Every structure is written in structure tokens, then in C-alpha cells.
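Structure at a glance
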Amino acid sequence: VQLQASGGGLVQPGGSLRLSCVASGTAFKMYAMSWFRQAPGKQRELVARILTNDESTNYLESVKGRFTISRGNAKNSVYLQMNWLEPEDTAVYYCNAVLSGSGYWGQGTLVTVSS
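With that settled, the discussion passes to the overall build of the protein chain. Each helix and strand in the protein chain was counted, giving 0 helices and 11 strands. For the protein chain, the α and β elements follow one another from N to C terminus as β-β-β-β-β-β-β-β-β-β-β. A compact globule built from 115 residues would reach a C-alpha radius of gyration of about 13 Å, and the protein chain, at 13 Å, matches this within 12%. Considering only C-alpha atoms, the protein chain reaches an extent of 40 × 25 × 25 Å along its principal axes. For the protein chain, the proportion of its 115 residues judged to be buried stands at 40%. When the accessible surface of the protein chain is summed, it comes to about 6100 Å², and 50% of that surface belongs to carbon and sulfur atoms. Of the side chains in the protein chain, 10 bear a positive and 7 a negative charge, and the two mean positions are spaced by 8 Å.

Okay, here's the thing in C-alpha cells:
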């Protein structure tokens, strides 16, 4: 599986961005999809996850109410809508796919929140 993330950029505090991740292959709907992020000098952390069967979601506590993860199985895509961005959200964001214990990573897209 190859994952291609896009949508990062520079945004002011309070602004919005939408990240997208496109996956190769035909089994996309079977993958649990997640967004992780890694800020400079910090460990990578799980931001949001969406499962396959009921598309249930879970979020990092600090982004609840601001970020929304969704998936478009017909387009082999997963999205992260980020609203009310804060400087603390600055990081490289990575798309992740998991199926039967095997995980795959995209190349990352940089989000910078600054005035």
C-alpha cells in the first residue's frame, strides 16, 4: 500500500486546513485509517482514527471538537478537517493504514500554524 498525503501549509491561528490521503490498491475499505503528527523534538502521536466496519472514530483529546476525520472509500481517501487551528497543532502530519496487523505510512505533510 502506498499513501500520498497532501493539504498541509501555513495558516494563521483560528484558521482551517483539510488534509487528504490517497491510498493505492483495491482493499482500501478494509483498512483502519489514522492521522498521526510529529512536532519538532516530540514523539509521533495519534491524532485521529477511523475504523472500517461502522466507521467509528476516536481523537486525541486536544483536538476533539476541532478536527474531524472521514473517509471516502470510493476514492480510496481519508481526510482530516482541521478547524480552529492553534500554534500547538504545528507538526508534520502522517497518514497511516492498518490491515491485519500490518501498518503503512505516507510521507507526511507539514502544517504550520503561525501569525
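Averaged over all residues, the pLDDT of the protein chain equals 94, while 100% of them reach at least 70. Within the protein chain, no element has a lower average pLDDT than strand β10 (residues 102–105), which sits at 91, and none a higher one than strand β11 (residues 109–113), at 98.

Rules behind the numbers
Residues numbered from 1 in each chain as written. Predicted model: local features only at pLDDT ≥ 70, side-chain atom pairs only at ≥ 80, totals over all residues. Heavy atoms only, no water. Helix = DSSP H or I, 4+ residues; strand = E, 2+ residues; numbered from the N terminus. Rg over C-alpha atoms; globule rule 2.2 N^0.38 Å. Buried < 20%, exposed > 50% of the residue type's maximum accessible area, 1.4 Å probe, protein only. Areas by Shrake-Rupley, 256 points an atom, 1.4 Å probe, with all protein chains shown as cover. Lys, Arg positive; Asp, Glu negative; His and termini not counted. Charge placed at Lys NZ, Arg CZ, Asp CG, Glu CD. pLDDT = per-residue confidence, 0-100.

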